[in-house]
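As a plain string of letters, each chain reads:
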Amino acid sequence: MEKYPWYEIVDSEESLLQGDFINSCPLVIPPAAIDSAKVSADVIEYDVVIMSQSCDLEQRKIALVLVCPVWPLSKFEEKNSFFESRRGKEALRQGNVLGYHLLNKCETNGFKTGYLVVDFRSVYSVPFDFLLNLATKKGRRLRLLPPYREHLSQAFARFFMRVGLPVDIPSFN
């Protein structure tokens, strides 16, 4: 048994927490413009990880749950060949790729994954009750454990707290 495991498997009856993975989560994508009272929207499915704070989820202080897509590293490499290289993988591992966060493999039977990449550039909100019903229907799920969950949350915060300056400090030559 690992001294500090990355993941655990939780039953469907467990509360939703930050770091819970929901596979094949349908997400509604509205059109770019709404021209009439009748609206059509696209529905896409992603494997997602919950990013909303656990305390807000447990106390039901939010109506919408923040989620981010999760990609197997192998699929991520297909999108950008830089990540096929050792240098690209190391940049991800070290947290030096803005908008993405690398998670370790999961070796638990029935839930095995390779390395996973969380995409902070694509953030979605899902109604709490819908997500709870979906998670319950899907059964047992993977959960990221502390301190890795807090590390993910910190990386998410670093991405969103960036401030663009109108005039930067010049480079030191």
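1. So, unusual backbone geometry
In this chain, Pro 146 is followed by Pro 147 through a cis amide linkage whose omega measures 0°. Structurally, the position occupied by Pro 147 is in the loop between strand S8 (141-144) and helix H5 (148-160). You will see that Ser 24, though not glycine, has its phi angle at about 50°, which is positive. Here Ser 24 lies in strand S2 (residues 21-29). Residue classification places Ser 24 among the partly exposed residues on the basis of a relative accessible area of 30%. Positive phi is not limited to glycine here, since Arg 60 has a value of about 50°. The residue Arg 60 is located in the loop between helix H1 (54-58) and strand S4 (64-72) in this model.

2. So, helix H3 (residues 86-93)
Within H3, the full set of buried residues consists of Gly 88, Ala 91 and Leu 92. The buried residues of H3 all sit within an arc of 100° when viewed along its axis, so they share a single face. Exposed and facing more than 90 degrees away from the buried side of H3 are Arg 86, Arg 87 and Arg 93. Those residues of H3 that are buried are in contact with helix H2 (73-79), strand S5 (100-103) and strand S6 (116-119). Residue Gly 95 follows H3 closely and has a positive phi angle near 80°.

Parameters and conventions
Residues numbered from 1 in each chain as written. Predicted model: local features only at pLDDT ≥ 70, side-chain atom pairs only at ≥ 80, totals over all residues. Heavy atoms only, no water. Helix = DSSP H or I, 4+ residues; strand = E, 2+ residues; numbered from the N terminus. Buried < 20%, exposed > 50% of the residue type's maximum accessible area, 1.4 Å probe, protein only. Arc of directions from axis to C-beta. Contact = heavy atoms within 4.5 Å.

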